[in-house]
Amino acid sequence: MQRLPGIGPKTAQRLALHVIKRSGDEVQDLAQALINAKKQVGLCRECFHLSADPICEICSNPKRDIKTLCIVADSRDVIALEKTREYKGKYHVLGGVMSPIDGVGAEQLNIEALVRRVSQQQPQEVIVAISPSMEGETTTLYLGQLLKPFTKVTRIAFGLPVGGDLEYADEVTLVKALEGRQEFDSI
């Protein structure tokens, strides 16, 4: 259980004890559900988001805006953006971020497919929505240079979270907040 992401030793122990206390049928159902999910869920052939079908629901939805393409690191990012109900375009999931230290370069990510997709579909805007870690910044800069000849490339804004306090923000967050400032609209 501790091998699962975000599960520490105490939580792993609690989960293991919970499973042991359940009936054999319940444990069997859980195990079968995990096996079925592993067998049935794959990656969308177009955007590389998790999908039980060859083309995911987002890519196959004719109401989605084909003029904008949002690049994210993984499917968790798609899920987070979809929860906002604000973004109406399509996605492209890289499958991670570039990390030379970990041996992850452009070749290990879905970047070649991204370039092919952008050159063929010619979206009006590509939005890079990758977290601003060192690896994320490297990936974002690389993608910006790579895609700029094909289309307008933008990135999501970064800064202080709603309800955050300036005194507790780190320097990088404050710099990003200052860089991403916007002019007040007339009320």
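Note that this is a predicted model, so its numbers are computed, not measured.

Asks: Got a minute to help me understand the pairing of strand β6 (residues 152-155) in this structure?
Replies: Note on strand geometry: in a regular strand, side chains alternate between the two faces of the sheet. Note that strand β5 (residues 125-128) and β6 share four bridges and pair parallel. In the strand pairing of β6, E125 is matched with K152.

Asks: Looking at this structure, how should I read unusual backbone geometry?
Replies: Peptide bonds are trans in most cases, and residues, glycine excluded, mostly fall at negative phi. Positive phi is not limited to glycine here, since F48 has a value of about 70°. Its place among the elements puts F48 in the loop between β1 (42-43) and β2 (50-51). Backbone geometry at Q122 places phi at a positive 45°, although glycine is not the residue there. By the element assignment, Q122 lies in the loop between α5 (111-121) and β5.

Asks: Help me understand a nonpolar patch on the surface in this model?
Replies: A contiguous nonpolar patch, built from M1, L4 and L15 and spanning about 260 Å² of accessible area, is present on the exposed surface. For M1, the position within the fold is in the segment before α1 (9-21). Note on M1: relative accessible area 45%, which makes it partly exposed.

Asks: What exactly am I supposed to notice about the nonpolar core here?
Replies: A general feature of soluble globular proteins is that nonpolar side chains tend to end up buried together. Of all hydrophobic cores here, the largest spans 15 residues; its most connected members are C56, C70, V72, V78 and Y91. Of all the elements in the fold, those that place two or more residues in this core are α3 (57-60), β3 (65-72) and β4 (89-93). The contacts of C70, once residues within four sequence positions are left out, are L81, Y87, K90, Y91, H92, I127 and A129. Listed in part, the 14 residues of the second largest apolar core include L69, M98, I111 and I130.

Asks: Help me out: how do you make sense of the pattern of salt bridges in this one?
Replies: Side chains that differ in charge, positive against negative, can pair when their charged atoms come close. If you walk through the whole model with that rule in mind, you get six salt bridges. Its salt-bridge partner being R64, residue E82 comes within 2.8 Å of it at the nearest N-O pair. Taken together, the residues span a long stretch of sequence, with E82 in helix α4 (residues 75-84) and R64 in the loop between α3 and β3 at a distance of 18 residues. For E82, a relative accessible area of 26% corresponds to the partly exposed category.

Asks: When you look at the state of the cysteines in this model, what are you seeing that I'm missing?
Replies: Disulfides are covalent bonds that connect the sulfur atoms of two cysteines. Considering all chains together, one arrives at zero disulfides under this definition. A disulfide-free cysteine, C44 has its sulfur positioned 3.8 Å from the sulfur of C47, the nearest such atom. Between C56, a cysteine without a disulfide, and C47, which holds the nearest cysteine sulfur, the sulfur-to-sulfur distance is 3.6 Å.

Asks: Sorry if this is basic, but what is going on with the sheet that holds β3 here?
Replies: Paired through their backbone hydrogen bonds, the strands of a sheet run either parallel or antiparallel. Read from one edge of the open sheet, four strands run β4-β3-β5-β6, paired in parallel fashion. Taken across any chain shown, the strands that pair with only one partner, and hence form the sheet edges, are β4 and β6. Averaged over all neighbouring strand pairs, the angle between strand axes comes to 25°, with direction disregarded. Lying on the sheet, α5 is in contact with β3, β4 and β5; it crosses β4 at an angle near 155°.

Each value, and the rule that gives it
- Residues numbered from 1 in each chain as written.
- Predicted model: local features only at pLDDT ≥ 70, side-chain atom pairs only at ≥ 80, totals over all residues.
- Heavy atoms only, no water.
- Pairing = 2+ DSSP bridges.
- Helix = DSSP H or I, 4+ residues; strand = E, 2+ residues; numbered from the N terminus.
- Patch = residues over 30% accessible without salt bridge, like charges linked within 9 Å, V, L, I, M, F, W, Y side chains within 5 Å.
- Areas by Shrake-Rupley, 256 points an atom, 1.4 Å probe, with all protein chains shown as cover.
- Salt bridge = Lys/Arg side-chain N within 4 Å of Asp/Glu carboxyl O.
- Buried < 20%, exposed > 50% of the residue type's maximum accessible area, 1.4 Å probe, protein only.
- Core = buried A, V, L, I, M, F, W, Y, C linked by side-chain atoms within 4.5 Å.
- Contact = heavy atoms within 4.5 Å.
- Disulfide = S-S within 2.5 Å.
- Axes fitted to C-alpha atoms, helices over the stretch in contact; angles between N-to-C directions.

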